[in-house]
Amino acid sequence: MLILGGTTEASAIAAALADHPRVRPVLSLAGRTRAPVLPAVPARRGGFGGVDGLAGFLQAHDVAALIDATHPFAARISQNAQAAARITGVPVIAVSRPPWIAGPSDRWTEVPDMPAAAQALGAAPRRVFLTVGQQELAPFRLAPWHHYLIRSVEPPDSALLPSAARCIAARGPFREDAERSLLEQETIEVVVSKNSGGAATAPKLAAARTLGIPVVMVARPAAAPGDTVPDAAGALAWLDHVVAPWERGV
Ligand SMILES: NC(=O)c1ccc[n+]([C@@H]2O[C@H](COP(=O)([O-])OP(=O)(O)OC[C@H]3O[C@@H](n4cnc5c(N)ncnc54)[C@H](OP(=O)(O)O)[C@@H]3O)[C@@H](O)[C@H]2O)c1
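Notes on the structure in this doc start here. (Residues numbered from 1 in each chain as written. Predicted model: local features only at pLDDT ≥ 70, side-chain atom pairs only at ≥ 80, totals over all residues. Heavy atoms only, no water.)

Brief notes about the site of the ligand
To keep it simple, the criterion reads: Near residues are defined by distance, with any heavy atom within 4 Å of the molecule or strand qualifying the residue. Any pair of nitrogen or oxygen atoms within 3.5 Å is treated as a polar contact; in protein, a donor-acceptor pairing is required on top of that, and neighbouring residues in sequence qualify only through side-chain atoms on both sides. The Shrake-Rupley method, run with a 1.4 Å probe sphere, supplies the accessible areas, and residue values consider only the shown protein chains as cover. Helix and strand assignments come from DSSP, with helices taken as H or I runs of at least 4 residues and strands as E runs of at least 2, each series counted from the N terminus. Three categories are distinguished: nonpolar for Ala, Val, Leu, Ile, Met, Phe, Trp, Tyr, Cys and Pro, charged for Asp, Glu, Lys and Arg, and polar for the others, with Gly belonging to the last.
Among the 23 residues in the neighbourhood of the ligand, the closest are listed as Gly 5, Ser 28, Phe 48, Gly 49 and Lys 194. Gly 5 places a polar main-chain atom, nitrogen or oxygen, 2.6 Å from an oxygen atom of the ligand. One of the backbone nitrogen or oxygen atoms of Gly 50 is found 3.0 Å away from an oxygen atom of the ligand. Protein chains bury 81% of the 810 Å² of accessible surface belonging to the ligand in isolation. If you list the elements that add at least two residues to the shell around the ligand, you get strand E2 (26-29) and helix H3 (75-88). Tallying contributions element by element places H3 first for the shell around the ligand, with four residues. Its residues assigned to classes, the shell around the ligand shows seven nonpolar, 12 polar and four charged.

What about unusual backbone geometry?
Excluding glycine, residues mostly carry a negative phi; peptide bonds, for their part, are mostly trans. The following threshold applies: Classification of residues uses two cut-offs on accessible area relative to the type maximum, computed with a 1.4 Å probe and protein chains only: under 20% is buried, over 50% is exposed, and between them is partly exposed.
Between Gly 172 and Pro 173 the backbone carries a cis peptide bond, its omega angle lying at 5°. Considering the arrangement of structural elements, one finds Pro 173 in the loop between strand E9 (165-169) and helix H6 (176-185). Of note, the phi angle at Asp 62 is positive, near 55°, even though the residue is not glycine. With respect to the element layout, Asp 62 can be found in the loop between helix H2 (50-60) and strand E4 (66-68). A residue is classified by how much of its surface remains accessible, and Asp 62, at 69% relative accessible area, is exposed. Of note, Thr 187 is a non-glycine position whose phi angle comes to about 45°, a positive value. When you line up the elements, Thr 187 lands in the loop between H6 and strand E10 (190-194). Residue classification places Thr 187 among the partly exposed residues on the basis of a relative accessible area of 47%.

Focus on the pattern of salt bridges
To keep it simple, the criterion reads: The salt bridge definition used is simple: a Lys or Arg side-chain nitrogen within 4 Å of an Asp or Glu carboxyl oxygen.
Summed over all chains, the structure comprises nine salt bridges. Three or more residues are tied together by salt bridges with common partners; here these are Arg 127, Arg 166 and Glu 186.

A word on the side chain of Thr 131
Counted only if it meets this: Residue contacts are defined here by distance: any two heavy atoms, one from each residue, within 4.5 Å place the two residues in contact.
Considering the arrangement of structural elements, one finds Thr 131 in strand E7 (residues 127-131). Residue classification places Thr 131 among the buried residues on the basis of a relative accessible area of 11%. Contacts of Thr 131, omitting those with residues within four sequence positions, involve Arg 151, Val 192, Ser 193, Lys 194 and Lys 204.

A word on the packing of aromatic side chains
Applied cut-off: Pairing of aromatic rings covers Phe, Tyr and the six-membered ring of Trp, with a centre-to-centre limit of 6.5 Å; geometry is then stacked below 30 degrees between planes, edge-to-face above 60, and tilted otherwise. In our convention, an over-ring charge means Lys NZ or Arg CZ found within 6 Å of a ring centre and within 35 degrees of that ring's normal.
What the rule picks out here adds up to two aromatic pairs. Ring centres 5.1 Å apart and planes at 70° place the aromatic pair Phe 48 and Phe 57 in the edge-to-face group. Comparing Phe 48 with Phe 57 shows no difference in burial state: the two are buried. Taken together, a centroid distance of 5.9 Å and an interplanar angle of 70° make the contact between Phe 140 and Tyr 148 edge-to-face. By the burial criterion, Phe 140 is buried, and Tyr 148 matches it. Arg 44 extends its terminal NZ or CZ atom over the ring of Phe 48, reaching a point 3.9 Å from the ring centre.

What to know about the environment of Ser 181
Positionally, Ser 181 belongs in helix H6. Relative accessible area serves as the criterion here: at 32%, Ser 181 is assigned to the partly exposed category.

As for the nonpolar core
In plain terms, the rule: Here, the term nonpolar core denotes a set of buried Ala, Val, Leu, Ile, Met, Phe, Trp, Tyr and Cys residues that are joined through side-chain atoms within 4.5 Å.
Membership of the largest hydrophobic core comes to 22 residues, with the highest contact counts inside it found for Met 1, Ile 3, Ile 13, Ile 67 and Leu 239. Among the elements of the structure, helix H1 (8-17), E2, strand E5 (92-95) and helix H8 (232-247) are those that each provide at least two residues to this core. The element contributing the most residues to this core is H8, with six residues. Ignoring sequence-local partners within four residues, the contact set of Leu 239 consists of Met 1, Leu 17, Val 23 and Ala 65.

Next up, the structure:
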């Protein structure tokens, strides 16, 4: 079976299947992270070459089930997964963690995309904690009057940075007390985040809430149509249903 990964959930699913008697998992990564932390299962890296390439891969490797456990903002690969599964008849499930929802003490401005997030920072210079990943920095280059503290898993290409930016490389999960200290030490005035959901990076939102710091929250792209489960456990339960007929020799 093929697990489309790059997330905590994908790694958890792969690790849970590492010693499965009937399933041989392969974890697929886009290859964006130079030094990913990998579970002990076979892995491949790099794109498939669109829908046709992925469909060809599923057929060539006799893939019997496909789990799309990519990030909620990785819209293209999820669309491709659904289309390739339709073409080949391979059963597919998507893992989609629930989005974060603002509580009464949160000061969120919700925006539809990254250019809108850059615009929402306003015309007056602010100290911004930018946690949107290393691939989505371009719109912030158009608002160079802010000072950006950029956190990503690996340092971004310096050519992509806004002029007043400092980078820190760090991999979650993060702790709320450490997030609060960081926001205070850096005198952060506004946080920019994707609505990724999940527990690993949520502590920055709790810290912002406690300190009364506003958050510009970028909404998710439209989800690909198809069946979804909210977490790794849901995907493993779905897989049990797929595998059950094999166990009966059907
Ligand atoms: N976007 C985020 O905010 C974010 C955050 C954390 C982790 N990630 C992870 O980073 C990866 C890339 O994200 P993205 O937003 O660039 O994706 P994307 O825009 O949906 O995908 C762009 C292209 O990258 C290739 N690709 C993406 N995920 C792949 C995978 N797991 N295995 C093999 N090829 C893959 C596919 O190329 P082909 O068309 O050639 O097959 C796809 O068409 C994903 O694995 C995602 O789970 C993304």
